[in-house]
Structure formats: structure tokens, C-alpha cells
Amino acid sequence: EKQPRKKQFAVIGLGRFGGSVCKELHAQGHEVLAIDIDEDKVREYAEFSTHAVSIDTTDEKALKNAGIRNFDHVVVAIGDHIQASILTTLSLKELGIEKVWVKAQNTYHQKVLDKLEADLVVHPEYDMGKRIAHKMTSDKVIDF
Ligand code: ATP
């Protein structure tokens, strides 16, 4: 029997959001590559990932050398550094990554990410606010 190939995940940016995504994937037993420009972050996430590397993901060469093309699903969680987030997303799309999910910092950022054809743009505070409002006005308890 041919086993389906295991999905390869990568998380770029290990702040609160990216770090949480990375830890959860790892806890679920998935393979996850953790990436951050900050070496301290990379050291911190060594135990919460399959592999952790320190690179500047705006450098397309560095991305390629990290083997990013072998990954099916990459999450970009560089929130504060909008320029770096945009450049990273552009490179990932150009390298042909199947699914690129990106955290947006604000609606301008979101607009650009949509234009770059990011496969999913998440805006955690906004998305969670909406969910909470729905939960407040719903009798049924929904999962959030
Ligand atoms: P939160 O912590 O709430 O998720 P955030 O998304 O703004 O907020 P930051 O704390 O800014 O997250 O974390 C983003 C991470 O991205 C940082 O750890 C930072 O070192 C990393 N980062 C920033 N620029 C680059 C880059 N060019 N390449 C790789 N990682 C980067």
C-alpha cells in the first residue's frame, strides 16, 4: 500500500501568532520547519519544531537554500515588518509554494497580500473580534 506523502509545513516568524502555529503543529506530530531572522527565537523553538533555522526570508537565495521549495504549506507570520512580510510572500509565490497563508497587520497590508494572491490572509484580532461578536449573539455554543 502506498502511503500518502506527509505534508511539509513551515512557519516564518516566531512571534506570538507564528509561534503558536508552530507549537501546535509540532504538538500534533507534524513535521514543521521553524524560521526566524532572530537567532534567539530559533534557539527557543528548536524543541517545538522538527528543524529551526535563522534566515532573512526577504533574501530569496536564503529561502531556496533552506529548501523551502520542498514545503507544501507555509505560514508567514511577520506581522510588524510589513515590507518583509510582503517580500517574503512574493518570493514564496514565485517559488511555487502550493499554499501560502499570511498574517496581515492592517487592511493596507491585507490588500497587498490579496493582490499577491496569498492563499489565505488572516487578521487574528479582526477575525477573532468577529467570532466573539457572533458568539455573543448566538444561543448555541460554537467552537472557537
Ligand atoms: P505577534 O507576536 O502578536 O504575533 P507579530 O506578528 O507582529 O505579533 P512579531 O513579534 O513582530 O510578531 O514577530 C514577527 C517575527 O518575525 C519576529 O520574531 C521577527 O524576528 C521575525 N522576522 C522579522 N523580519 C523577518 C525576516 N525578514 N525574516 C525572518 N523573520 C523575520
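Residues numbered from 1 in each chain as written. Predicted model: local features only at pLDDT ≥ 70, side-chain atom pairs only at ≥ 80, totals over all residues. Heavy atoms only, no water.

## Here's the deal with the pairing of strand E3 (residues 51–54)
Consecutive residues of a regular strand have side chains that alternate between opposite faces of the sheet.
And then number 1: In the sheet, strand E2 (residues 32–36) pairs with E3 via four bridges, with the strands oriented parallel. Residue pairing for E3: Leu33 is matched across the bridge by His51.
And then number 2: Following the backbone out of E2, through helix H2 (residues 39–44) and into the adjacent parallel E3, one traces a crossover that is right-handed. (Pairing = 2+ DSSP bridges. Helix = DSSP H or I, 4+ residues; strand = E, 2+ residues; numbered from the N terminus. Right-handed = clockwise from strand over helix to strand, strands pointing away.)

## Comments concerning the sheet that holds strand E5 (residues 99–103)
And then number 1: The sheet built from six strands is open, its strands ordered E3-E2-E1-E4-E5-E6 with parallel pairing. Across the chains shown, the open sheet's two edge strands, defined by having one partner strand only, are E3 and strand E6 (120–122). Neighbour to neighbour, the strand axes of the sheet diverge by 15 degrees on average, direction disregarded.
And then number 2: In the sheet, strand E1 (residues 9–12) pairs with E2 via four bridges, with the strands oriented parallel. (Axes fitted to C-alpha atoms, helices over the stretch in contact; angles between N-to-C directions.)

## Regarding the environment of Met136
And then number 1: With respect to the element layout, Met136 can be found in helix H6 (residues 124–136).
And then number 2: Through-space distance from the C-alpha of Met136 to that of Leu14 is 31 Å; in sequence the pair is 122 residues apart.

## With respect to the environment of His51
And then number 1: Mapped onto the secondary structure, His51 falls in strand E3.
And then number 2: In sequence terms His51 and Glu125 are 74 residues apart; their C-alpha atoms lie 29 Å from each other.
And then number 3: Here His51 is in contact with Val32, Leu33 and Ala34, once residues within four sequence places are set aside. (Contact = heavy atoms within 4.5 Å.)

## Some remarks on the site of the ligand
And then number 1: Near the ligand you find 19 residues, and of these Arg16, Phe17, Asp36, Asp56 and Lys103 are the closest.
And then number 2: Note that an oxygen atom of the ligand is positioned 2.9 Å from one of the backbone N or O atoms of Phe17.
And then number 3: In the environment of the ligand, an oxygen atom lies 3.1 Å from a nitrogen or oxygen atom belonging to the backbone of Asp80.
And then number 4: Burial of the ligand by the protein amounts to 84% of the accessible area it has alone, namely 630 Å². (Near = heavy atom within 4 Å. Polar contact = N/O pair within 3.5 Å; in protein donor to acceptor, adjacent residues only side chain to side chain. Areas by Shrake-Rupley, 256 points an atom, 1.4 Å probe, with all protein chains shown as cover.)

## Considerations on the confidence of the model for the protein
And then number 1: Looking at the protein as a whole, the pLDDT averages 94, with 94% of positions reaching at least 70.
And then number 2: The ipTM, which scores confidence in the relative placement of chains, is 0.94 for this predicted complex, and the corresponding pTM is 0.92. (pLDDT = per-residue confidence, 0-100.)

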